[in-house]
Amino acid sequence: MRFTLRSSLTLAVILLVAATGDTPRLLGFSAESSAREVELEGKFRGIPSTDSLRSYLRRLSARPHHIGSAYDKDNAEWLAARFRDWGWEASIDTFEVLFPTPKERVVELVAPTRYTARLQESIVPGDPTTSQTTEQLPTYNAYSIDGDVTAPLVYVNYGMPADYRQLERMGISVKGAIVLARYGAGWRGLKPKLAADHGAIGCIIYSDPRDDGYGAGNVYPDGAFRPRWGVQRGSVAEMPVQAGDPFSPNVGARIGTTPLPFDSVTALTKIPVLPISYGDAEPLLTAIGGRVAPEEWRGGLPITYHVGPGPAKVHLRAQFNWKPTRIYDVVARLKGNEFPDQWILRGNHHDAWVNGADDPLAGMVAELEEARALGMLSKQGWKPKRTIVYLAWDAEEPGLVGSTEWVEAHSDELRKHAAVYINTDGNDRGYLDVGGSHSLESLTNEVARDVTDPETGLSVAERRRRKSLAGAANAEERGELRAGGDQRIEALGSGSDFTPFLQHLGVASMNLAFGGEGDNSGGVYHSIYDSYTWYTRFSDTGFVYGRALAQVAGLTVLRLANADVLPFKFGGSASTVKRYLGELKTLATTRRDEITERNKQLDEGVFTATSDPREPSQPPAAEAVPPFLNFAPFDNAVTRYSASAARYDSIMATLSTAGGPQLAGAVSRGVNQRLILVEQALAPARGLPTRPWFRHQIYAPGLFTGYGVKTVPAVREAIEEGHWAEADSAISIVAETLDSAAVSVDAATALLQAKP
């Protein structure tokens, strides 16, 4: 039967709602449009199929498909063809970027004994794709510079700032050395950066079995975790400063774009770096002498961990092919029939380091199944009010390249038209994880209440609430969760394709995934073992959470596309920023108290020794006591933003209850265009100090956390680093930003209240 919103069934539903009021009032919808949306969503939820998800994953992960590979292009063309089959307008947007691939890789122990690292992962019997050796990208770190160095080896634990402070207290320098760092505790790109900052001339990164190998569980193929010769590939470009192609900053790298000269590119590492397995790391660690590593530095290998330097000496050589590589972003559209110039964007990347069944294809197949379902509804007569744009990104793995180049190429259009961006990047079993703009917090809660968890039969929201209750840090958190209101969503840092939308352009964004139960993908992350065979044995084996992800993301798209007024609520955003302000005040006080106490101890001839009494300890230098920061502008801005948010949310709730005509009037007066500007106001063109490509003043990846978020980053990082004048200046800038956001919210409120 042909589906139409004017069918007799829909009219019956509307009449029933009018009589009983039982259908929930959806955020941004009138009573009448809520009833139509509920019926539509019931149809949508029934379409996604686990069999379809399985077939997509089998096809897309059948061969290695890193950027520049034949199967990467083949997958892009296949994806575009599927969108067209389902009734979407689909095209491929092509860019050309400089992508390094390995030419020569050598890691050799040259003293006191000799060992040559194999730098090769092992084929697993029973997993056919692990044997595709001629197509697999070798183990390496993209955007390392070329280098050929020989030097003593120093073990630096995770190679994070705290580890170098510990080395300093132990009297150990890495100057002129090659460092050996284990993966974990921070983003991989920070490890060579910090090593170079401390004078090292090379960096080797390995996966310790304590973290994601046999110390965590049985290794593949008997279990889900990293086997002896498994290696984590990955980019080491300086993404916390700028995402995308390092050779074409701030412009979309169209074919023919002239790249920056090599010596002008600042995002590359300063020293050569290569990743290795724990099988290759063991002989190197065994050869290191010197002091025994602190207890918390000791990994899972059956050896005594030493720090060095010496007697171990290593030769590291890394040479790369630096060549133009074409990438293929798939862009599919369902045009809106009422507001075609307002875009709801949904994306997941399709490239992988090797076969990529979990990362990223478990998320990509959910997106495909959403697209198939929306296409079916469209063919039956439904049309979205707003234009829906589905995107399959290429070149995410080297540094969010495909999405960033597309955003930079289309930035003027996106500022005018992009309302919300919804991202996924892989998927697993368990609990819904949501991060994003807090103006979308209520919407994500509303959708999660309407999707059933496939294992427990609870709603996805209720299962998430119970997990949060079990892990609540204090009574206040437990009380908030038991109160039954919206659950908080996380702030977004970086590490996936939401970054250029949210943090560069200021497009309200969210990132969705299930995980927490079968979440063992760290054990095969960025290796040849992230395969269809691994995924169907150890992750979402029945694809039921793939189906749940398609339902959550698809319903979110539907509500955003069909709402009378875009379903933003600003109370969650205002309360979150207020919480961040409290954290910053506490942080400033804590830092001041710490410095005051340390200086007092120094005056009295007392200082804190290292954890190992055998280590010689160096007393720290006295620091100037920090000034009292003036948070008054921030306080005033939060008060104003909170008042603006409360007014808007209250009036919007009243109008939704009152019915459609007043909402229709607000829409005709341009309220939706005003709402799009609120998030943009939080991302002014001036950007963050030292990294202006990142413009959002509330969310950014930390300079020393990589993917991890730093909220109100300019203020928080200045306090953490003791840059007090910068912190004071940043407080004023953030206050101005919040004032601008409040002005945009007030403008939307005025349009809601205006009389016809």
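Everything that follows concerns the structure shown earlier in this document.
Cut-off values and rules
By convention here, each chain's residues receive numbers from 1 onward along its written sequence. Predicted model: local features are reported for residues with pLDDT of at least 70 only, side-chain atom pairs are reported and counted for 80 or more only, and whole-chain, interface and lining totals are derived from all residues. Note: side-chain values were computed over all heavy atoms of the structure, leaving out hydrogens and water. Each helix is a run of H or I in the DSSP string that is no shorter than four residues. Each strand is a run of E no shorter than two, and both are numbered from the N terminus. The size measure is the radius of gyration over C-alpha atoms, and the globule rule it meets is 2.2 Å times the number of residues to the 0.38 power. The classification of residues rests on relative accessible area computed with a 1.4 Å probe and restricted to protein chains. Under 20% of the type maximum is buried, over 50% is exposed, and intermediate values are partly exposed. Residue contacts are defined here by distance: any two heavy atoms, one from each residue, within 4.5 Å place the two residues in contact. The protein chains shown are the only cover counted for residues, whose accessible areas, like all others here, come from Shrake-Rupley with a 1.4 Å probe. Charge counting treats Lys and Arg as positive and Asp and Glu as negative, with His and both chain ends excluded. Note on charges: their place is set at NZ of Lys, CZ of Arg, CG of Asp or CD of Glu. We define a salt bridge as a side-chain nitrogen of Lys or Arg found within 4 Å of a carboxyl oxygen belonging to Asp or Glu. Every axis in this analysis is a line fitted to C-alpha atoms, fitted for helices over the stretch in contact. Angles between the N-to-C directions lie between 0 and 180 degrees. In this scheme, roughly parallel covers angles under 35 degrees and roughly antiparallel covers those over 145, while 65 to 115 is roughly perpendicular and the rest are oblique. Amino acids outside the nonpolar list (Ala, Val, Leu, Ile, Met, Phe, Trp, Tyr, Cys, Pro) and the charged list (Asp, Glu, Lys, Arg) are all regarded as polar, and Gly is one of them. Pairing between two strands is assigned when DSSP locates at least 2 bridges connecting them. With strands facing away from the observer, any crossover in which the path from the first strand over the helix to the second runs clockwise is taken as right-handed.

Check the secondary structure of the protein chain and you find 23 helices and 16 strands. Rg of the C-alpha trace for the protein chain: 27 Å, near the compact-globule value of 27 Å for 756 residues, within the 12% margin. Its C-alpha atoms give the protein chain principal-axis dimensions of about 85 × 65 × 50 Å. The buried share among the 756 residues of the protein chain stands at 60%. For the protein chain, restricting intrachain contacts to residue pairs at least 6 apart in sequence, the fraction spanning at least 24 positions comes to 80%. As presented, the protein chain carries roughly 27,600 Å² of accessible surface, and 51% of it is formed by carbon and sulfur atoms. Of the side chains in the protein chain, 78 bear a positive and 90 a negative charge, and the two mean positions are spaced by 3 Å.

The next point concerns the pattern of salt bridges. This structure, assessed with the given rule, holds 38 salt bridges. Arg465 is the partner of Glu462 in a salt bridge, and the nearest nitrogen-oxygen pair spans 3.9 Å. Of this pair, Glu462 and Arg465 both sit in helix α13 (residues 460-470), 3 residues apart, which is roughly one turn of that helix. Among the charged side chains, a salt-bridge network with shared partners connects Arg429, Asp453, Glu455, Arg463 and Glu517.

Two packed helices can be described by the angle between their axes and the distance between those axes. It is at 9 Å that the axes of helix α4 (residues 70-85) and helix α9 (residues 357-379) come closest, and there the two elements cross at 25 degrees. Considered as vectors, α4 and α9 are oriented roughly parallel to each other. On the side of α4, the interface is formed by Trp78, Leu79, Phe83 and Asp85, while α9 contributes Met364, Glu367, Leu368, Ala371 and Lys379. Within the contact of α4 with α9, the residues separate by chemical class into 6 nonpolar, no polar and 3 charged.

Counting buried residues in strand β6 (residues 202-206) gives 5 out of 5 residues, a clear majority hidden from the surface. Burial along β6 is two-sided: Gly202, Ile204 and Tyr206 facing one way and Cys203 and Ile205 facing the other are all buried. Direction of pairing for strand β5 (residues 178-182) relative to β6: parallel, over a ladder of 5 bridges. Across the sheet, residue Leu180 finds its bridge partner in β6, namely Ile204. Chirality of the crossover, the property in question, places the unit of β5, helix α6 (residues 190-197) and β6 among those that are right-handed.

Right, let's get into unusual backbone geometry. Cis geometry is found at the peptide bond from Ala111 to Pro112, where omega equals 0 degrees. Among the structural elements, Pro112 can be located in the loop between β1 (89-111) and β2 (115-116). The linkage connecting Asp359 with the following residue, Pro360, adopts the cis geometry, with an omega of 15 degrees. For Pro360, the location among the structural elements is in helix α9.

On to the pairing of strand β4 (residues 147-155), then. Two faces belong to every sheet, and in a regular strand the side chains alternate between them. As judged from the 6 bridges shared by β4 and strand β9 (residues 313-334), these two strands associate in the antiparallel manner. Following the sheet pairing, Thr150 is matched in β9 by His315.

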